[in-house]
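Chain by chain, the residues:
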Amino acid sequence: MPTVDEENVSATLTFAVPVARVFAVLADPTTHSAIDGTGWVQEAVDRAQLTEVGQIFRMDMYHAGHPDGDYRVVNKVEVLDPPRAIGWLTGYEKGDGRLEFGGWIWRYDLAPLGPSETEVTLTYDWSAVPQFVRERGIRFPPFGPEHLINSLHHLAELVSGR
């Protein structure tokens, strides 16, 4: 079951797969659309493996409730501790090319439970969202907690080859 508090939501699932395999899939932006539990992530624009904190990668998105329907997000790797943790801030590119991040982060924490079993916790944390962003009327989280469980099930299927 997902857990929700005032500033984040998380879910945990155990996979019958080695931790390094799970991390490798998460570090590959081309897998993110298959993992996404909301159905919003469409395709990786930047396809290079995630290898360092500060690395930028863009994703094409679609959401019927978004003013443009189709849109692009910019992600910045904030956490990279192979094979234990990976996380990124999500934002967008302004018209002048500057990047703006809203303060929410997606984070996966991986705990090996043995040579071929991994506990994966996915957290969406919006505690760093500044007040001016919150005043724009964005609801946090912008999806139900079941989407984290959906993402973890998608990830489990992907890493196990099903």
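What you see is a predicted model; the values in this text were computed from it and never measured.

Q: Before we go on, may I ask you to explain the overall build of the protein chain in this structure?
A: Looking only at helices and strands, the protein chain has four helices and eight strands in total. Along the protein chain, helices (α) and strands (β) appear in the sequence β-β-α-α-β-β-β-β-β-β-α-α when read from the amino end. Computed over the C-alpha atoms, the radius of gyration of the protein chain is 15 Å, within 12% of the 15 Å expected from 2.2 N^0.38 for a compact globule of 162 residues. Across its three principal directions, the C-alpha atoms of the protein chain cover 45 × 35 × 25 Å. Counting only residues that meet the buried cut, the protein chain has 44% of its 162 residues in that class. Pairs at least 24 apart in sequence give 50% of the contacts found in the protein chain among residues at least 6 apart.

Q: Is there a simple way to explain the pattern of salt bridges in this structure?
A: Should their charged atoms come close, side chains of opposite charge can pair. The tally for this structure, following the rule as stated, stands at ten salt bridges. Between Glu93 and Arg58 there is a salt bridge; the shortest N-O distance is 3.3 Å. Taken together, the positions of Glu93 in strand β6 (residues 85-93) and Arg58 in strand β4 (residues 56-62) put the pair 35 residues apart, joining distant regions of the chain. The exposure class assigned to Glu93 is partly exposed, which follows from its relative accessible area of 39%. The partner of Arg98 in a salt bridge is Asp96, with the nearest N and O atoms 2.7 Å apart. Using a relative accessible area of 53% as the deciding quantity, one classes Asp96 as exposed. Overlapping salt bridges bring together Asp46, Arg58 and Glu93 as one network.

Q: How should the nonpolar core be read in this particular structure?
A: Where a protein is soluble and globular, its nonpolar side chains tend to be buried together. If you look at the biggest cluster of nonpolar residues, it comprises 41 residues, and the most contacted ones within it are Phe15, Val22, Ile86, Tyr108 and Leu155. Element by element, the count of residues in this core is highest for helix α4 (residues 146-160), at six residues.

Q: How should I be thinking about the side chain of Ser151 in this particular structure?
A: Within the secondary structure, Ser151 is located in helix α4. Overall, the relative accessible area of 6% leaves Ser151 in the buried class. Among all residues touching Ser151, those that are not within four sequence positions of it are Ile35, Asp36, Gly37 and Leu122.

Q: I'm lost on the packing of aromatic side chains in this one. Help?
A: Describing an aromatic ring pair means giving the distance of the ring centres and the angle of the ring planes. Applying the stated criterion across every chain, the model contains eight aromatic pairs. Aromatic pair Tyr124 and Phe143: ring centres 5.0 Å apart, planes at 70°, arrangement edge-to-face. Of this pair, Tyr124 sits in strand β8 (residues 117-125) while Phe143 sits in the loop between α3 (131-134) and α4, and the two are 19 residues apart along the sequence. Here the two residues Tyr124 and Phe143 agree in accessibility, since each one is buried.

Q: Looking at this structure, I do not really get the environment of Tyr124. What am I missing?
A: Note on Tyr124: relative accessible area 2%, which makes it buried. Here the alpha-carbon distance between Tyr124 and Pro141, two residues 17 residues apart in the chain, equals 7.8 Å. If near-sequence neighbours (up to four positions away) are discounted, Tyr124 is found in contact with Glu7, Asn8, Val9, Trp104, Ile105, Trp106, Phe140, Pro141, Pro142, Phe143 and Leu148.

Each value, and the rule that gives it
Residues numbered from 1 in each chain as written. Predicted model: local features only at pLDDT ≥ 70, side-chain atom pairs only at ≥ 80, totals over all residues. Heavy atoms only, no water. Helix = DSSP H or I, 4+ residues; strand = E, 2+ residues; numbered from the N terminus. Rg over C-alpha atoms; globule rule 2.2 N^0.38 Å. Buried < 20%, exposed > 50% of the residue type's maximum accessible area, 1.4 Å probe, protein only. Contact = heavy atoms within 4.5 Å. Salt bridge = Lys/Arg side-chain N within 4 Å of Asp/Glu carboxyl O. Core = buried A, V, L, I, M, F, W, Y, C linked by side-chain atoms within 4.5 Å. Phe/Tyr/Trp six-rings, centres within 6.5 Å; stacked < 30°, edge-to-face > 60°.

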